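Each chain is listed here by its residues.
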Amino acid sequence: MEIMTSPYLNIAPSNWLPVTESLIAKHPLTEQNLIDATLNSWASIFNSMFGTAGFKIGTHIYPKPQIMGFLLHELIPLELESMFKSEWHVDNTTSEKDCVCVADNSFSFEIKTSSDRNKVFGNRSFSQATTKGKKAKDGYYLTVNFEKFKDSQNPKIRIIRFGWLDSSDWRGQKAATGQQSNLPPEVYAGKLKTIYSAYKIVC
């Protein structure tokens, strides 16, 4: 199991943003690459047809947010694989990140999507130590917030962020039955850079 030293070790939250900017600058994918892959994936969802009658999402089918998030989560790595053949690929094992960098695994990243206006969530295991044979929870993350059909007849991508998260950033729900992990405000402010927003003001 790969153990990473946090690039934010001994750095105060108020000084996290320059570290994040440096990490993003080192990444082989540009911010525009990530934006294009995400927006192209979102467009593909609405341009695809299903069944012999050619049913379309947004015209005949209005999936719940969980389904839209699943499709987006699956399509983004495929889009990058298509854009950069032999350089990126979709995860093939449980120990790989969602989107795998062939040349250097340290640049591989996880994808989190949410229909929340601003936040993203992980399951409860994200706030627990990584187990043997499972993917490391530390590393690069691409997070995407999108509108749901309940809020818009033509839902859009709200926010795209990119940055680095440590496993210790995730906070598990205190309730014994809670299955959700979340991130504190200082993480959004310092570790996840907003690289795209559909609106001038991020709420």
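Residues numbered from 1 in each chain as written. Predicted model: local features only at pLDDT ≥ 70, side-chain atom pairs only at ≥ 80, totals over all residues. Heavy atoms only, no water.

**Q** I would appreciate a short explanation of the pairing of strand S5 (residues 109-114) in the present structure.
**A** Across the six residues that make up S5, a large majority, five, are buried. Pairing of S5 with strand S7 (residues 139-146), which is carried by six bridges, proceeds in the parallel orientation. Its bridge partner lying in S7, Lys112 is registered against Thr143. (Buried < 20%, exposed > 50% of the residue type's maximum accessible area, 1.4 Å probe, protein only. Helix = DSSP H or I, 4+ residues; strand = E, 2+ residues; numbered from the N terminus. Pairing = 2+ DSSP bridges.)

**Q** How should the pairing of S7 be read in this particular structure?
**A** Every regular strand shows the same layout, with side chains that alternate between the two sheet faces. Taking burial as the measure, the eight residues of S7 include eight buried ones, the bulk of the element. Note that S7 and strand S8 (residues 157-165) share eight bridges and pair antiparallel. Following the sheet pairing, Leu142 is matched in S8 by Phe162.

**Q** Can you help me understand the pattern of salt bridges in this one?
**A** Pairing of side chains with opposite charge becomes possible as their charged atoms draw close. Applying the stated criterion across every chain yields a total of four salt bridges. Across the salt bridge formed by Lys193 and Glu21, the nearest N and O atoms sit 3.3 Å from each other. Of the two residues, Lys193 is situated in strand S11 (residues 192-197) and Glu21 in helix H1 (residues 16-26); the sequence distance between them amounts to 172 residues. A salt bridge links Lys193 to Glu31, with the nearest nitrogen and oxygen atoms 2.7 Å apart. Of the two residues, Lys193 sits in strand S11 while Glu31 sits in helix H2 (residues 31-47), which places them 162 residues apart along the sequence. Residue class for Glu31 comes out partly exposed when judged on its relative accessible area of 27%. Each of the salt bridges in this network shares a partner with another, and the network as a whole consists of Glu21, Glu31 and Lys193. (Salt bridge = Lys/Arg side-chain N within 4 Å of Asp/Glu carboxyl O.)

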